[in-house]
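Structure at a glance
Residues per chain are reported as follows:
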Amino acid sequence: MKRLRNVKIVATLGPASSDYEMIRALHEAGADVFRLNMSHGSHEEIAERHAIIRKVEEDCESTIGILADLQGPKLRVGVFANGEEELEEGADFRLDLDPAEGDATRVNLPHPEIFAALEKGSHLLINDGKIRLKVTKYGKDFADCTVLTGGTISNRKGVNVPDVVLPLAALSEKDRKDLAFVADLGVDWLALSFVQRAEDVNEARALCKGRAAILSKIEKPAAVKSFDSILAVSDGIMVARGDLGVELPVQNVPPIQKRLIRKCRAAAKPVIVATQMLESMIDSPMPTRAEVSDVATAIYEGTDAIMLSAESAAGSYPVEAVTTMNNVAIEVEADPTYREVIDASRAAKRNSVADGIVAAAREIAETTDIKAICCFTQSGTTALLVARERPRVPILALTSQEGTARRLALTWGTNCVQTGKLERFKEAVVNAAREARKGGYATAQDQIVVTAGVPFNTSGTTNILRVAPCDERLIYHTDPG
């Protein structure tokens, strides 16, 4: 399905979007990738949604990516005798391992690993940061705190510990079972929560065994500090602004978002901006002006994808939310300022033959009357390098690997086409010309740029660039190979 924009849209599925008609409507409205949230829904429900997505993909003759988002460890307080208590600013409050019901002076925190990592002066945030505590004294089974920001604390509210690296694996027992299930099911991307260090990603990759690409969610200060090493071992990144905005001062999040997007683009790895992008559309058919500006900002920054969470999973207007994102993206990308910003932020690092080939492809396409850049790719690397250049013409990623095509559905500007295996370069050029014409990217009178690697069907061999006519007769007359 040909899109009129380059940035991709990720839509989360849930109770409001679980049947064939709604999932197809979301795809037709603009969703390129569907997110399956493993925090909600049984394995049977996840399998059913996966099957529906693949049916929509077949019926629409599209390439659709599927992202399974693992829950990660959940840190929560215990329960209160009265169900809830009111904490006053300046009061003392204790968290401990005692399983007894809590009161206004203490509550159970059944996570000894938190106490093991605490330091005097550490902060504990409860209920998405609405309650803030400062540690004054601690031991292996307790933490005495002063209430910095008071409020109502109730049963099983979440706890964030922003100041320290917790000695916790990113994968809980539930996550390990979910990972094995969705990897066998055939998802394309696996989103990893609670990432603090590169080792967390390596652990997930070892368990995944190449069955899905690994996308690291950056939602903790420790992950921001270790971002370069995390990026190096990840296939993609999600800027998860929800928890990031709880654990860090909110004014820190926009510059972090901008910085992470730049680094991902330089590394030619896709990045998603997520959380609260069109939050008001959970209940309203229209977004706020600030939300539209937020979506536009992420697009101007060059993100590969923008994501809807509750808006499409549980909201009253899922199709309208996708349509809004689609329309904002089309408008932003038509703005001359968008091209100025994107071109100015292009990284000039050239470290390999493949880097030089894709940079030349973009320059040729932008200085002559070229209609598209067609890249043949097995692993997806060539297409990722072309997308890093953010060319002004469409990118056709042609691959014989179904999994590669689906993973590239998350990457900026890529229009994925699955082809048979090719043995000769002339055959590849003819195939590219046919797909460019078939997809409406060019006519027989136009020219395209073709990049490929010889020998064919070998990853990491991008070494050929060809300006080719879309008229097959001219290809056979002029191409010596």
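As shown above, the structure is provided for reference.
Everything in this summary refers to the structure shown in the same document. Just so we're clear, the structure is a prediction, and the values are computed from it rather than from any experiment.

**What to know about the overall build of the protein**
Looking only at helices and strands, one finds 18 helices and 21 strands in the protein. In terms of overall dimensions, the protein is globule-like: its C-alpha atoms have a radius of gyration of 24 Å, near the 23 Å expected for 481 residues. Dimensions of the protein, computed from the C-alpha atoms along their principal axes, are close to 85 × 45 × 45 Å. When burial is assessed residue by residue, the protein has 56% of its 481 residues classed as buried. Contacts in the protein between residues at least 24 apart in sequence constitute 67% of all its contacts with a sequence separation of at least 6.

**Considerations on the packing of helix α2 (residues 43-60) against helix α4 (residues 173-185)**
Running from amino to carboxyl end, α2 crosses α4 at an angle of 25°, the nearest separation of the two axes being 11 Å. If you check the angle between α2 and α4, you find them roughly parallel. In this structure, α2 crosses over α4, and the sense of that crossing is right-handed. When α2 is examined against α4, the residues H43, I46, A47 and H50 are found in contact with a partner set consisting of K177, D178, F181, V182 and L185. For the contact of α2 with α4, the per-class residue count stands at five nonpolar, two polar and two charged.

**Quick look at the packing of helix α10 (residues 289-300) against helix α12 (residues 318-333)**
Axis separation between α10 and α12 bottoms out at 10 Å; the angle between their running directions is 50°. The pairing of α10 with α12 is recorded here as oblique in orientation. Crossing geometry of α10 relative to α12 is assigned as right-handed. Along its contact with α10, which presents V292, V295, A296, I299 and Y300, the element α12 presents M325, V328, A329, V332 and E333.

**A few points about empty space enclosed by the protein**
Evaluated as defined, the whole model comprises one cavity of 30 Å³ or more. When its volume is computed, the largest cavity comes out at roughly 50 Å³. Lining of the largest cavity is provided by C264, R265, A268, K269, P270, D304, L384, A387, R388, R390 and T411. If you list the elements that add at least two residues to the lining of the largest cavity, you get α9 (253-266) and α15 (381-388). Ranked by the residues each element gives to the lining of the largest cavity, the list is headed by α15, at three residues.

**Some points on the nonpolar core**
One finds F34, L190, I299 and I306 to be the most contacted residues of the largest nonpolar core, which totals 86 residues. In terms of residue count, α12 provides more of this core than any other element does, six residues in total. Discounting chain neighbours no more than four positions away, the residues touching F34 are A11, L13, I23, L26, H27, I53, I64, G65, I66 and L67.

**Notes on the pattern of salt bridges**
What the rule picks out here adds up to 34 salt bridges. Here R5 and D32 are joined by a salt bridge, their closest N and O atoms 3.0 Å apart. A residue pair is termed long-range when its members are at least 10 positions apart, and R5 in the segment before β1 (8-13) and D32 in the loop between α1 (20-29) and β2 (33-37) qualify at 27 residues. A single burial state applies to R5 and to D32, both of which are buried. Several salt bridges share partner residues, and in doing so they unite R339, D343, R346, R362, E363, E366, E389 and R392 into one network.

**Topic: the sheet that holds strand β8 (residues 131-139)**
A sheet is described by the order of its strands in space; here six strands give the open sequence β6-β5-β9-β8-β7-β11, paired in mixed fashion. Of all strands in the sheet, those bounded by a partner on one side alone are β6 (106-108) and β11 (159-160). Where strand β7 (residues 123-126) lies against β8, four bridges are found, and the strand directions are antiparallel. Counterpart to L124 in the pairing with β8 is L133.

**Focus on the layout of surface pockets**
The space that makes up the second largest pocket amounts to roughly 970 Å³. Around the second largest pocket, the lining is made up of 36 residues, and of these M1, K2, N415, C416 and Y441 lie nearest the centre. Counting only elements with at least two residues in the lining of the second largest pocket, the list comes to α13 (336-344), α16 (402-407), β19 (414-418) and α17 (425-438). A per-element tally of the lining of the second largest pocket places β19 first, with five residues.

Parameters and conventions
Residues numbered from 1 in each chain as written. Predicted model: local features only at pLDDT ≥ 70, side-chain atom pairs only at ≥ 80, totals over all residues. Heavy atoms only, no water. Helix = DSSP H or I, 4+ residues; strand = E, 2+ residues; numbered from the N terminus. Rg over C-alpha atoms; globule rule 2.2 N^0.38 Å. Buried < 20%, exposed > 50% of the residue type's maximum accessible area, 1.4 Å probe, protein only. Contact = heavy atoms within 4.5 Å. Axes fitted to C-alpha atoms, helices over the stretch in contact; angles between N-to-C directions. Parallel < 35°, antiparallel > 145°, perpendicular 65-115°, else oblique. Left-handed = near helix turned anticlockwise from the far one by under 90°. Nonpolar A, V, L, I, M, F, W, Y, C, P; charged D, E, K, R; others polar. 1 Å grid on protein atoms, 1.4 Å probe; cavity = no way out; pocket = protein on both sides within 12 Å on 5 of 7 lines; lining within 4 Å. Points joined across faces, edges and corners; volume = space filled by probe spheres on them. Core = buried A, V, L, I, M, F, W, Y, C linked by side-chain atoms within 4.5 Å. Salt bridge = Lys/Arg side-chain N within 4 Å of Asp/Glu carboxyl O. Pairing = 2+ DSSP bridges.

Don't take any of this as a statement about function, it's just geometry.
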